[in-house]
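# Coordinate inspection notes
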Amino acid sequence: MSSLSQRDLSVLWHPCTQMKEHEIYPLLPMVKGDGVYLIDDQGNRYIDAISSWWVNLFGHGRVEIKRAVQQQAEELEHVIFSGCSNIPAIELAEKLVAITPKGLDRVFYADCGSAAVEVSLKMSFQYWKNIGRPEKQKFIALSNGYHGETVGALSVGDVALYKETYGPMLFDTIMAPSPDCFYREQGESWYDYSLRQFEKMRSLVEKHHHETAAIILEPLIQCAGNMRMYHPVYLTKLRDLCDEFNVHLIFDEIAVGFGRTGTLFACEQANVVPDFMCVSKGITGGFLPLAAVLTRESIYEAFYDDYSSLKGFLHSHSYTGNALACAAGVATLNIFEQEPILENNKKLINKLSEVAEQFVDHPFVGDVRQTGTVLAIEMMKDKKTKEAFDWRERRGIRVYQHALTQGALLRPLANVVYMMPPYVITEEEIELLARVAWDGINKAVKD
Ligand code: PMP
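Another aspect to go through is the layout of surface pockets. As a volume, the second largest pocket reaches approximately 820 Å³. Surrounding the second largest pocket, 26 residues form its lining, Phe81, Val107, Phe108, Tyr300 and Phe313 being those nearest its centre. Of all the secondary-structure elements, those providing two or more residues to the lining of the second largest pocket are α4 (87-99), β4 (106-110), β12 (291-295) and α10 (297-301). Residue composition of the lining of the second largest pocket, by class: 15 nonpolar, seven polar and four charged.

On to the nonpolar core, then. In this structure, Met201, Met227 and Leu238 are the most contacted members of the largest nonpolar core, which totals 102 residues. Broken down by element, the residue count for this core peaks at nine residues, all from helix α11 (residues 323-338). There are two domains that each give this core at least three residues, and those are domain 1 (3-61 + 341-444) and domain 2 (65-338). Setting aside chain neighbours within four positions, we find Met227 in contact with Trp54, Ile221, Gln222, Arg369, Val374, Ala376, Leu413, Tyr418 and Met420. Counting 26 residues, the second largest nonpolar core, distinct from the first, contains Ala213, Cys278, Val293 and Ala302.

This part takes up the side chain of His60. Here His60 is to be found in the loop between α2 (51-54) and α3 (63-75). Within the structure, His60 has its side chain in polar contact with the side chain of Asp48 (distance 2.7 Å).

One can find Gly43 in the loop between β2 (37-40) and β3 (45-48). In this structure Gly43 comes out as partly exposed when scored by relative accessible area, which is 48%. Sequence separation between Gly43 and Gly440 is 397 residues, and the spatial gap between their C-alpha atoms is 23 Å.

For sheets, the rule is that strands pair by backbone hydrogen bonds, running either parallel or antiparallel. Pairing in this open sheet of seven strands is mixed, and the strands run β4-β12-β11-β10-β7-β5-β6 from one edge to the other. Whereas interior strands pair on both sides, the edge strands pair on one side only; in this sheet they are β4 and β6 (174-176). Looking at each pair of strands side by side, their axes are set apart by 20 degrees on average, direction ignored. Across five bridges, the pairing between β4 and β12 is antiparallel. Paired with Ala110 across the bridge in β12 is Ala291.

Both trends apply: most residues other than glycine have a negative phi, and most peptide bonds are in trans. Even without being glycine, Trp54 reaches a positive phi, approximately 75 degrees. One non-glycine residue, Asn271, lies in positive phi territory at about 60 degrees. Summarising the element assignment, Asn271 is placed in the loop between β10 (248-252) and β11 (276-279).

The local shell around the ligand consists of Trp54, Cys112, Gly113, Ser114, Tyr146, His147, Gly148, Glu218, Asp252, Ile254, Ala255 and Lys281. One of the side-chain N or O atoms of Asp252 is found 2.6 Å from a nitrogen atom in the ligand. A total of 390 Å² of accessible area belongs to the ligand in isolation, and the protein chains cover 82% of it. The residue inventory of the shell around the ligand, partitioned by class, reads five nonpolar, four polar and three charged.

Looking now at the packing of α4 against α11. Between α4 and α11, the shortest axis-to-axis distance is 8 Å and the interhelical angle comes to 40 degrees. Taken together, the axes of α4 and α11 lie oblique to each other. The hand of the α4/α11 crossing is left-handed. The residues of α11 that touch α4, namely those facing Pro88, Ala89, Glu91, Leu92, Lys95, Leu96 and Ile99, are Ala323, Cys326, Ala327, Gly329, Val330, Leu333, Asn334 and Glu337. Classifying every residue of the contact of α4 with α11 gives ten nonpolar, two polar and three charged.

Taken together, the side chains of Val151, Tyr166 and Met169 present a nonpolar region at the surface, about 290 Å² in accessible area. Considering the arrangement of structural elements, one finds Val151 in helix α6 (residues 151-155).

About the cut-offs
Residues numbered from 1 in each chain as written. Predicted model: local features only at pLDDT ≥ 70, side-chain atom pairs only at ≥ 80, totals over all residues. Heavy atoms only, no water. 1 Å grid on protein atoms, 1.4 Å probe; cavity = no way out; pocket = protein on both sides within 12 Å on 5 of 7 lines; lining within 4 Å. Points joined across faces, edges and corners; volume = space filled by probe spheres on them. Helix = DSSP H or I, 4+ residues; strand = E, 2+ residues; numbered from the N terminus. Nonpolar A, V, L, I, M, F, W, Y, C, P; charged D, E, K, R; others polar. Core = buried A, V, L, I, M, F, W, Y, C linked by side-chain atoms within 4.5 Å. Buried < 20%, exposed > 50% of the residue type's maximum accessible area, 1.4 Å probe, protein only. Domains from an automatic or database assignment. Contact = heavy atoms within 4.5 Å. Polar contact = N/O pair within 3.5 Å; in protein donor to acceptor, adjacent residues only side chain to side chain. Pairing = 2+ DSSP bridges. Axes fitted to C-alpha atoms, helices over the stretch in contact; angles between N-to-C directions. Near = heavy atom within 4 Å. Areas by Shrake-Rupley, 256 points an atom, 1.4 Å probe, with all protein chains shown as cover. Parallel < 35°, antiparallel > 145°, perpendicular 65-115°, else oblique. Left-handed = near helix turned anticlockwise from the far one by under 90°. Patch = residues over 30% accessible without salt bridge, like charges linked within 9 Å, V, L, I, M, F, W, Y side chains within 5 Å. Salt bridge = Lys/Arg side-chain N within 4 Å of Asp/Glu carboxyl O.

And the structure:
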């Protein structure tokens, strides 16, 4: 074990990790990033196939973002965002309003995705109180959804692995069956299945709208829920439903925003505008923690009153609007302005589709799915009956282990091997990842 690993393991406690696993699996202290590669303390290079938990857009060490952070550090690193402001925070908010769907005109910053989700829930809740509808207190969310790990975000999430332990701490949420197309009938299209599942959401909203503040969901891909996907028609119908029944619509674009699904934001594919949109992860190109909630001017106005009305949104995080993070955000959005990123990504998307094909007939692959730059390959014990491998068999981590020996950081979600690479990945590197995934799956499904 390297000395850095030893030092780490004697003082640190890592996220989403049973620390005892590091008795078997090595910890990888990374010392450098170089485009699509990460380099560990032994000099090994790994393709970052999952964009470091989906945050990295343009590779590690992208020079424009690095310079922007350096320059901002020379001027002002941070200032309290209550009563004060800063230049990059203003500039980034202007840019966010300009690039998000029309109607989202107000920006509230937070410092991670979970915090942004909390903000959107609290804003919706308080909006109804402020306008004299205090009975609208509940939230509807999708089964298999994920919105982060703070208590409110977990309450509206539905991934048992993260949620179950904390059940007694959480508030009740109305769960609608997911449109996750993995469960469609044989021969049924994504479109038809998503529509069919929408009818169940409709029934819930008809029943609960009077007590419901908002519906929250991840548009198009339930990422932490094993990269399950659905058709945009679900979002189009949902927008109409929310308008019909006067319920807010919150889109959690934290993972799928900034081009992952092929469009800049996933909701564009359904041609709808949510009432709240949460963004984070890619917003700084993967450099610094930052999140934002965008909402409508009409919602902002419901909070705008004399202080004594106590209608203000008094939510606060110390690092709200951090100048360094916002500078990284501005530099990231400048790259989108200056380069045809989405156009260029079409090549990446096509290449992913091409390498995906070979997996379809694999005897232990039950589903191959793709939305934009996200490709997921689901290993399965029985592809006919869709019987899953027992989670205790840890098939995914076997793929992970194999990939590390081949120079790839490919970290499956349970039995789902997926690629969500930085956009700078080359076609050759995608081919390499596909070979690594193929061999890894073959090793993992043995015995
Ligand atoms: N929502 C979604 C859809 C996410 O994928 C994540 C993070 N994986 C979050 C919220 C939470 O973001 P964070 O980890 O920054 O708190």
